[in-house]
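This is what each chain is made of:
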Amino acid sequence: MTRLTFDDPRALLADLWSVGVNAVRGDTCVAAALDAHGVETPDTIIAVGKAAGAMAQAAFDRFSADIPSLIVTKYGHLDDLDLPATADLIEAAHPVPDENSLHAGSTLISWVEGMGHDSHLLFLVSGGASALAEVPTDGLSLDDVSSDNVRLLSEGLDIHAMNRHRIARSQIKGGKLLNRFPGAKLTVLAMSDVEGDDVGIIGSGLGLVTEQVTADAAVHVVASNAIARGAIADAAAARAIPVQRNDEALYTDVTVAAQRIADALRDPAPGLYISGGEPTVHLPDTPGRGGRNQALALLLAERFKGMPAVTALVAGTDGTDGPTPDAGGYADGTLWQSEAAAHLERADAGTYLADHGALFTCGPTGTNVMDIALVLVEG
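Residues numbered from 1 in each chain as written. Predicted model: local features only at pLDDT ≥ 70, side-chain atom pairs only at ≥ 80, totals over all residues. Heavy atoms only, no water.

Draft legend 1. Structural view of the sheet that holds strand β12 (residues 371-377). If you trace the 6 strands from one edge of the open sheet to the other, you get β7-β8-β12-β9-β10-β11, paired in mixed fashion. Pairing within the sheet leaves two strands with one partner each, and these edge strands are β7 (243-247) and β11 (359-360). Relative to strand β10 (residues 328-332), strand β9 (residues 310-316) runs antiparallel, the two sharing 5 bridges. Opposite Thr311, over in β10, you have Asp332 as the bridge partner. (Pairing = 2+ DSSP bridges. Helix = DSSP H or I, 4+ residues; strand = E, 2+ residues; numbered from the N terminus.)

Structure below.
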């Protein structure tokens, strides 16, 4: 039997992870969808979410840079894009809304309501839209919405529970935005960052088309975690790396997710173990540095103690992890030391990973299909 060994397991994992991310970039998947579904030239383009810039870029490349367009995305997620000067750009905060989020929400309403009765709207939505654009129900302030989001994020709720709450307190979520569209044709292309790829959950249903919409409407999910994981599996197979596991099983608390991954590695066969999804995490009142991926990486390091042939990379496909510029972190059998437990207790995994050279930072990726955990077992 050929022994499976690598000179730089971290570099290999980063390369495989990038293959998956590139397979679901906003420009790549939107371009393919426009061709596959024969989307006609729209009168207006609206893109909302962390991948809004990349998604809109594909529409401009296919149609025209002169089409009226509104792009709402997270701060810093437009820096590497060459978007037309005619596009209206709004950058706002994520994961907790700010003043620009309210400006984005009211602008979305104005653009949608202001379209003509014979018009065609191309609406592009990706994860992160929940915080990036908001119009609270009457009587709620920005402070109310922001504190609500902080509480929801800290309680470790899954995305379905959080979005049900957000929809009830919003004038644009849950299909309420597109209910205002008076035009004749509506095309929605959505990038999924939720379990089940439900457009009613992506961005808290900002791109949902309800029965109240009278336009001829078509809705397509154009990118998902499964597509990204499939591309990684194909890339591994092309390098003669056996794929021992490929599933979407991270929809649970980070501690449970870490144990599930560790359980799959008892007497493991050499090769690549791929997991996807979006775990949850409970936060203290004053959390430290990090996000759910950094926490999961450090929890894996605890379970990998004394395992010399195991290396992991856990990272958010959008290139950010919680309120940090880092995507996630690495783990292996040497990373865990006794002081790591206190960092986990303080939700400060990022500081520990930074101190030990185990952070993974790549910048905005132009996509958002949740998280991917890769474990490479040599031997």
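This is not the end of the story, as more comes after the structure.
Draft legend 2. Seen up close, the packing of aromatic side chains. Under the criterion given, the structure shown has 2 aromatic pairs. An angle of 80° between the planes, with centres 5.0 Å apart, marks the rings of Trp17 and Phe360 as edge-to-face. Of this pair, Trp17 sits in helix α1 (residues 9-23) while Phe360 sits in strand β11, and the two are 343 residues apart along the sequence. No difference in accessibility class separates Trp17 from Phe360, as the two residues are buried. Between Tyr330 and Phe360 the ring centres are 5.8 Å apart and the planes differ by 80°, which places this aromatic pair in the edge-to-face class. In this pair, Tyr330 sits in strand β10 while Phe360 sits in strand β11, placing the two residues 30 residues apart along the sequence. The same class applies to Tyr330 and to Phe360, which are both buried. One aromatic cluster is present, formed by Trp17, Tyr330 and Phe360 through successive ring pairs. (Phe/Tyr/Trp six-rings, centres within 6.5 Å; stacked < 30°, edge-to-face > 60°. Buried < 20%, exposed > 50% of the residue type's maximum accessible area, 1.4 Å probe, protein only.)

By themselves, these observations are geometric and do not establish any function.
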